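# Architecture and fold: a report
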Amino acid sequence: MTIQQLVPKALTRENFAKFGDVIEVSNEAQNFSINDGFTQRYHDLAAVDVTENNGRTLINIFRSTPLEQPVAIKMMERHPLSSQAFIPMGQQPYLVVVAPKGELHTAKIEVFIATSNQGVNYHKGTWHHYCLALHQVSDFIVVDRGGEGENCDVVSLDGALVIAES
């Protein structure tokens, strides 16, 4: 097996757009003052898509334990019926591993490093690795779909793709 190393790139709205939405406070986001001027609302930051097959929105907390580095990519998953959002609750960065929707091509896998003030919302059908906490156990609010139909396809990989240490 030939090991190929993937170097994480910065998570920005522009370079993540084909996979989903970056959820963060940004001057690019529509925002306005509410609550008598004591709160700034950053509005409509992600396109949550859960309605297929009578789906309903679920709000969960996932507790993620860091994997030993360097991380070998041994699986990818996708949700064919809905989007899925991850919003960190702590102060640690984390890794985001994605590939375009459609047939999974490992050559198209990309890795991003997200800061603790950035969440992601994967578009319906986008391939992704499960949440990869860095440095310590981390909690994430996860918004996804409950309802009829199978909504998680998983593909096992051989671990030949390895993420450079972060």
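This text goes with the structure placed above it.
Residues numbered from 1 in each chain as written. Predicted model: local features only at pLDDT ≥ 70, side-chain atom pairs only at ≥ 80, totals over all residues. Heavy atoms only, no water.

This brings us to the pattern of salt bridges. All chains considered together, the criterion is met by seven salt bridges. The partner of Lys18 in a salt bridge is Glu110, and the shortest N-O contact between them spans 3.1 Å. On the criterion of sequence distance, the pair formed by Lys18 in the loop between helix H1 (13-16) and strand S3 (20-23) and Glu110 in strand S11 (residues 110-114) is long-range, its members being 92 residues apart. Through salt bridges that share partners, Lys9, Lys18 and Glu110 make up one connected network. (Salt bridge = Lys/Arg side-chain N within 4 Å of Asp/Glu carboxyl O. Helix = DSSP H or I, 4+ residues; strand = E, 2+ residues; numbered from the N terminus.)

This paragraph deals with the sheet that holds S3. An order of S3-S12-S9-S15-S6 is seen for the five strands of this open sheet, with the pairing classed as antiparallel. Both outer strands of the open sheet, S3 and strand S6 (56-64), are each paired with one neighbouring strand and no more. Averaged over neighbouring strand pairs, the angle between their axes works out to 15 degrees when direction is ignored. Relative to strand S12 (residues 119-122), S3 is paired through four bridges, and the arrangement is antiparallel. Bridge pairing in S12 places Gly20 opposite Tyr122. (Pairing = 2+ DSSP bridges. Axes fitted to C-alpha atoms, helices over the stretch in contact; angles between N-to-C directions.)

Looking now at the pairing of S11. Counting buried positions along S11 gives four out of five residues, so the element sits mostly inside the fold. Bridge analysis of strand S2 (residues 9-10) against S11 gives two bridges, and the strand direction is parallel. Pairing of Lys9 across the sheet is with Phe112, part of S11. Of the pairings in the sheet, the one linking strand S10 (residues 94-99) to S11 comprises five bridges and is antiparallel in character. Considered in S11, the bridge of Val96 is made with Phe112. (Buried < 20%, exposed > 50% of the residue type's maximum accessible area, 1.4 Å probe, protein only.)

This next bit is on the sheet that holds strand S7 (residues 71-72). Read from one edge to the other, the open sheet built from three strands follows the order S1-S17-S7, with strand pairing classed as mixed. Every other strand in the sheet has two partners, leaving strand S1 (4-6) and S7 as the edge strands with one partner each. Pairing of S7 with strand S17 (residues 161-163) involves two bridges; the strand directions are antiparallel. When the bridges of S17 are listed, Ala72 appears paired with Val162.

A few words on unusual backbone geometry. With an omega of -5 degrees, the peptide bond running from Gln69 to Pro70 counts as cis. Tracing the backbone through its elements, the reader meets Pro70 in the loop between S6 and S7. Of note, the phi angle at Asn35 is positive, near 55 degrees, even though the residue is not glycine. Residue position: Asn35 is located in the loop between strand S4 (31-34) and strand S5 (39-42). The backbone of Asn53 sits at a positive phi, close to 55 degrees, despite the residue not being glycine.

The next point concerns the packing of aromatic side chains. Applying the stated criterion to the full structure yields eight aromatic pairs. Measuring from centroid to centroid gives 5.7 Å for Phe16 and Phe19, while their planes differ by 50 degrees, and the two rings are tilted. Phe19 sits in the buried class, given a relative accessible area of 0%. Taken together, the ring pairs connect Phe16, Phe19, Phe62, Phe86, Tyr94, Phe112, Tyr122 and Phe140 into an aromatic cluster. (Phe/Tyr/Trp six-rings, centres within 6.5 Å; stacked < 30°, edge-to-face > 60°.)

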